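Given next are the chains, with one letter for each unit.
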Amino acid sequence: MSQSKRTTAKPHVKSRPKTDGGLRKRSAKSTGNKSTGKVRPVCVDEILLGDCIERLKELPDESVDLVFADPPYNLQLERDLLRPNNNSRVDGVHQAWDKFDSFEAYDRFTRAWLGQCQRVLKPNGAIWVIGSYHNVFRLGAALQDLGFWIHNDIVWRKTNPMPNFRGTRFTNAHETLIWAGRDQAARVTYNYDAMKTGNDDLQMRSDWLFPICSGPERLKDETGRKAHPTQKPEALLHRIIVATSRPGDVILDPFFGTGTTGAVAKRLGRHWIGVERDPEYAAGAEMRISAVEVSPRPALETTQSKRAAPRVAFGTVVELGIVKPGTRLVDEKRRFKAVVRADGSIAHEGLAGSIHRLGAEVQGQAACNGWMFWHVEAAGKLEPIDTLRQKARVALGLADQPRIAFAGE
């Protein structure tokens, strides 16, 4: 924690609404036009202080794009864990919030907060939950029982895990994350091309290698001890948020802790909502997030998939004059030739049809991506007609004009 005295920090948080002297504190509610789907809780970019489930109930339906939840592990620790070399106490999770009377009590709690998260998620919203072997299987079962649709489980492999001090089992060197849509019909955001580009043009795998939170990133209290026992590394949240959300989205964290989700969300141009029961954690989170600067807007853009680009028909390319009737198209190896017709179809040796259908017919195949199969000659070189489609998007105002990047930009 950056501040020297955590207990003296004054968090910018909202406590539970109550009546006081005739004035009622404002609770979370929605603004905007629900018919357009642009509904946003008024509490965005704020911490809601209080019980997780009760505060979640105040949020409006279908108002959140993404949830990241790091719930209690329910470690069932019965006594202190000591290091064998010097008999010192391991600084683990001993707080009351991680203790439950039984598995049944933990399951009831889990289904209650997951149910509220499902309610506030937009139709195409998604949730991430993270856990260890103590609780992740119970979390997964609850997700499926409630109708969430699991897309992936991710293994976060820690480069610097805590050793197994007793020497009685394998070193627990990973945690598991589950990524799920609100339901089976949800068309969740996944920035596939951005993940592939950032992974040196290789598909992003489901095993991620990050260190645990340590060093300057680890928040400390006034005694120099960890401010929170399970603070997650910002790198982990960075990947999750870039991969499965868009700038301007609202990200909810129902177990906010010291605010890692809010700090990374703010830096990446997303809105955030944090729910936290501990005033000291909330104070530390508020101070931490207030020091974060939002990245410049151009830096927040992600590599877009061609599937996500606005649809433009080949006929529109012809109508805009980007390619003229009579233009000759060829395949990359110049085996087949076709002529562009005024109605946006192309013709080849008595056959005619769309760029896709004719491309498939001349190859004797069932299907063909005509945008990449057919080429046009420009400046002595062949280029796929897909480049003409991008010019059409620019002409229609559906895409930005490419610009030259200068050194140092």
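Source: prediction; values computed, not measured.

Colleague: Help me understand the packing of helix H6 (residues 260-267) against helix H7 (residues 279-290) in this model?
Modeller: In a packed pair of helices, the relevant descriptors are the angle between the two axes and the axis-to-axis distance. Here H6 crosses H7 at 15 degrees, and the two axes come no closer than 9 Å. In terms of orientation, H6 and H7 fall into the roughly parallel class. Every pair of crossing elements has a handedness; the one defined by H6 and H7 is right-handed. In this structure, H6 uses Thr 260, Gly 262, Ala 263 and Lys 266 to contact H7, whose residues at the interface are Arg 288, Ile 289 and Ser 290. Taken together, the residues that form the contact of H6 with H7 break down as 2 nonpolar, 3 polar and 2 charged.

Colleague: Got a minute to help me understand the sheet that holds strand E17 (residues 351-353) in this structure?
Modeller: Pairing between the strands of a sheet comes from backbone hydrogen bonds, and it takes one of two forms, parallel or antiparallel. Strand order in the open sheet made by the 6 strands is E17-E16-E15-E14-E18-E19, with antiparallel pairing throughout. Bordering the open sheet on either side are E17 and strand E19 (381-384), each of which pairs with just one other strand. Across this sheet, the average inter-strand angle for adjacent strands is 35 degrees, counted without regard to direction. Here 4 bridges tie strand E18 (residues 374-378) to E19, and the two strands are oriented antiparallel to one another. Paired with His 375 across the strands is Pro 384, a residue of E19. Strands strand E15 (337-340), strand E16 (346-348), E17 and E18 of the sheet are contacted by helix H9 (residues 355-363), whose axis makes an angle of about 20 degrees with E16.

Colleague: Help me out: how do you make sense of the pattern of salt bridges in this one?
Modeller: Opposite charge on two side chains allows them to pair when their charged atoms are near. Overall, the coordinates contain 16 salt bridges when judged by the stated rule. For Glu 234, the salt bridge is made with Arg 288, and the minimal N-O distance between the two is 2.9 Å. You can see Glu 234 sitting in helix H5 (residues 234-244) and its partner Arg 288 sitting in helix H7, a full 54 residues away along the chain. Pair check on accessibility: Glu 234 and Arg 288 agree, each one buried. The network of salt bridges with common partners includes Glu 62, Arg 182 and Asp 183.

Procedures and definitions
Every chain is numbered on its own, with residues counted from 1 as its sequence reads. Side-chain atom pairs in this predicted model are given and counted only at pLDDT of 80 or more, local residue features only at pLDDT of at least 70, and totals for whole chains, interfaces and linings cover all residues. Water and hydrogen atoms were dropped before computing side-chain values, which therefore reflect all heavy atoms in the structure. For helices, the fitted axis covers only the stretch in contact; all axes are lines through C-alpha atoms, and the angles between them, taken along N-to-C directions, range from 0 to 180 degrees. Helix and strand assignments follow DSSP, with helices taken as H or I runs no shorter than four residues and strands as E runs no shorter than two, numbered in order from the N terminus. Every angle not falling under 35 degrees, over 145, or within 65 to 115 is termed oblique; those three ranges are roughly parallel, roughly antiparallel and roughly perpendicular. Should the near helix be turned counterclockwise from the far one by less than a right angle, the crossing is left-handed, whereas a clockwise turn marks it as right-handed. Throughout, a residue-residue contact means that at least one pair of heavy atoms, one from each residue, lies within 4.5 Å. Amino acid classes used here: Ala, Val, Leu, Ile, Met, Phe, Trp, Tyr, Cys and Pro are nonpolar; Asp, Glu, Lys and Arg are charged; the rest, including Gly, are polar. In this description, strands pair whenever DSSP reports at least two bridges between them. Any Lys or Arg side-chain nitrogen found within 4 Å of a carboxyl oxygen on Asp or Glu counts as a salt bridge. Burial here depends on accessible area, computed with a 1.4 Å probe over protein chains only, as a share of the maximum for the residue type. Under 20% is buried, over 50% is exposed, and the range in between is partly exposed.

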